[in-house]
Amino acid sequence: MQTKALRIYGKNDLRLETFELPEMKEDEILARIVSDSLCMSSYKAAGQGADHKRVPNDIAENPTILGHEFCGELVSVGSKWQDKYKPGQRFAIQPALNYKGSLDAPGYSFRYIGGDATYVIIPNEVMEMDCLLPYSGDAFFCGSLAEPVSCVVGAFHANYHTVQGSYEHKMGIVEGGKAAILAGCGPMGMGAIDYALHCDRKPGLLIVTDIDDARLARVASIFTVEDAAANGVELHYVNTKNIEDPVAHLLAFTGGEGYDDVFCFAPVRAVVEMSDAILGKDGCLNFFAGPTDKSFSAMFNFYNVHYGSTHIVGTSGGNTDDMKESLALMEQGRINPATMITHIGGLDCAAETTLNLPKIPGGKKLVYTHISMPLTAIADFEELGKTDEKFARLDEICKAHNGLWNAEAEKYLLEVMA
């Protein structure tokens, strides 16, 4: 079977190549990739090359395929797995295999599996670790976004609270409690808002902050105060940029008591310290944002740690159960990860996009591996549609879905661009 894939040969050395996959073994599965969501982790891997912990040392001779947020269909199933998986089945993959303690992961470490490819061979260890996850949703892009959504799910599960008078910890946010998402209008913050409003364990009060009125207005038009109220959550959006005392302003929403759960979505010292300052008794600060500076630090109030039982947690990704929950919520229509997506492209734009991710504004960049298309912002569909009827139709479809990418748009794209 011939495949076309983006492979890494060294630092910033990415090559889109066509080559033959090896013959599938009885404990492997041949799969067709349809979509891959490009991740900052791939940008880091591309920049570090073999110095990255998940990338093999011999990529110059044996390149691996990039991309770990992918979704597709199974084509052929080896005899070992035919009782569990069937051809035609849609799937997503949890890339953090943790197979025998190894850091090896699809999208970093394997020669024949990664999201930026047309066809792949899924190795035995993926199935052994129960990381090949069936997906029955109607849009491939949702399956691709199950991995980033699982990071949000994992963060909410990782928060914990103490039981006064004992050493028992209760995992998860406080149900019906007071929660805040600071710097929350980026793609992952939007995923957190969506999950907070529609999961099984909701806060009673949710504050979302940012420093840009346009971003806040856009997010508020997607996750409305009215929808939040219908789900039992009092939701407020706050621009902290021009507030003289933002800590006092945020504390006022809680009657001065502070928040049970605070999620910090920016690796910025001022935001971290504001997150700490608004914690209430037994408050949990979740530092979600991953800094690139290994020496990044901020002040934390240890008087409150001692007398108010405040504490901090951090997570880097979700586990397989988090990803299964993400897929289930999407299949049930309870969350819509399309809010994260701002750009669409084909496999031919994956290399340049991956190498320049920090420089490209907006949210998630979604690649469809069987089409040729430059990376294109959904917001640009209208202008492009003036001279290209395909983009005119895509613009029409997306506008009918509040400007968001959607299953109808995906279906049309795959039909006309293939």
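Everything numeric in this text was worked out from a predicted model, so none of it was measured. Residues take numbers from 1 onward in each chain, read along the sequence in its written order. The model is predicted, so local features are restricted to residues of pLDDT at least 70 and side-chain atom pairs to those at 80 or more, both for listing and for counting; the totals for chains, interfaces and linings are taken over all residues. Only hydrogens and water are set aside; all other atoms, that is, all heavy atoms of the structure, feed into the side-chain values.

K.L.:
How would you sum up empty space enclosed by the protein? Please name residues and give values.
P.N.:
Only protein atoms enter the calculation, which uses a 1 Å grid: trapped sets of points that fit a 1.4 Å probe without letting it out are cavities, open sets showing protein on both sides within 12 Å along at least five of seven lines are pockets, and any residue with an atom within 4 Å of a point is a lining residue. Grid points are joined across faces, edges and corners, and a volume is the space filled by probe spheres set on the points. This model, assessed by the stated rule, comprises one cavity of 30 Å³ or more. Taken as a whole, the largest cavity holds about 40 Å³ of empty space. Lining the largest cavity we find Val149, Gly191, Asp194, Ile335, Asn336, Pro337, Thr339 and Met340.

K.L.:
Which residues make up unusual backbone geometry, and what are the values?
P.N.:
Positive phi, close to 50 degrees, is recorded for Lys100, a residue that is not glycine. Following the sequence through the fold, Lys100 ends up in the loop between β6 (90-93) and β7 (119-122). Accessibility here uses a 1.4 Å probe with only protein chains present; expressed as a share of the type maximum, an area under 20% marks a residue as buried, one over 50% as exposed, and anything in between as partly exposed. Taking the relative accessible area as the measure of exposure, Lys100 reaches 74% and is therefore exposed. One non-glycine residue, Ser309, adopts positive backbone phi at about 60 degrees. Mapped onto the elements of the fold, Ser309 is located in the loop between α9 (302-308) and β16 (311-313). Strands are runs of DSSP state E lasting at least 2 residues, helices are runs of H or I lasting at least 4, and numbering of each runs from the N terminus.

K.L.:
Any chance you could break down the side chain of His198 for me, citing the residues and the numbers?
P.N.:
For His198, the position within the fold is in helix α4 (residues 187-198). Relative accessible area serves as the criterion here: at 15%, His198 is assigned to the buried category. Within polar-contact distance, the side chain of His198 engages the side chain of Asp227 at 3.0 Å. Contacts: residue pairs with any heavy atoms within 4.5 Å of one another. Contact partners of His198, with chain neighbours within four places excluded, come to Asp227, Asn231, Leu329, Arg334 and Ile335. Distance and chemistry together define a polar contact, namely a pair of N or O atoms within 3.5 Å, with one atom able to donate a hydrogen and the other to accept it when in protein, and with adjacent residues in sequence counting only for side-chain atoms on both sides.

K.L.:
I'd love a proper account of the sheet that holds strand β11 (residues 178-182), names of residues and values included.
P.N.:
Pairing is parallel across the open sheet formed by six strands, whose spatial order is β13-β12-β11-β14-β15-β16. Across the chains shown, the open sheet's two edge strands, defined by having one partner strand only, are β13 (234-239) and β16. With direction set aside, neighbouring strand axes in the sheet form an average angle of 20 degrees. Here a strand pair is declared whenever DSSP counts at least two bridges between the two strands. In the sheet, strand β12 (residues 205-210) pairs with β13 via six bridges, with the strands oriented parallel. Looking at β13, one finds that Leu206 is bridged to Leu235. Axis angles are defined between N-to-C directions and span 0 to 180 degrees, where every axis is a line fitted to C-alpha atoms and, for a helix, only to the segment in contact. Helix-sheet contacts for α4 involve β11, β12 and β13, and the interaxial angle to β12 is about 170 degrees.

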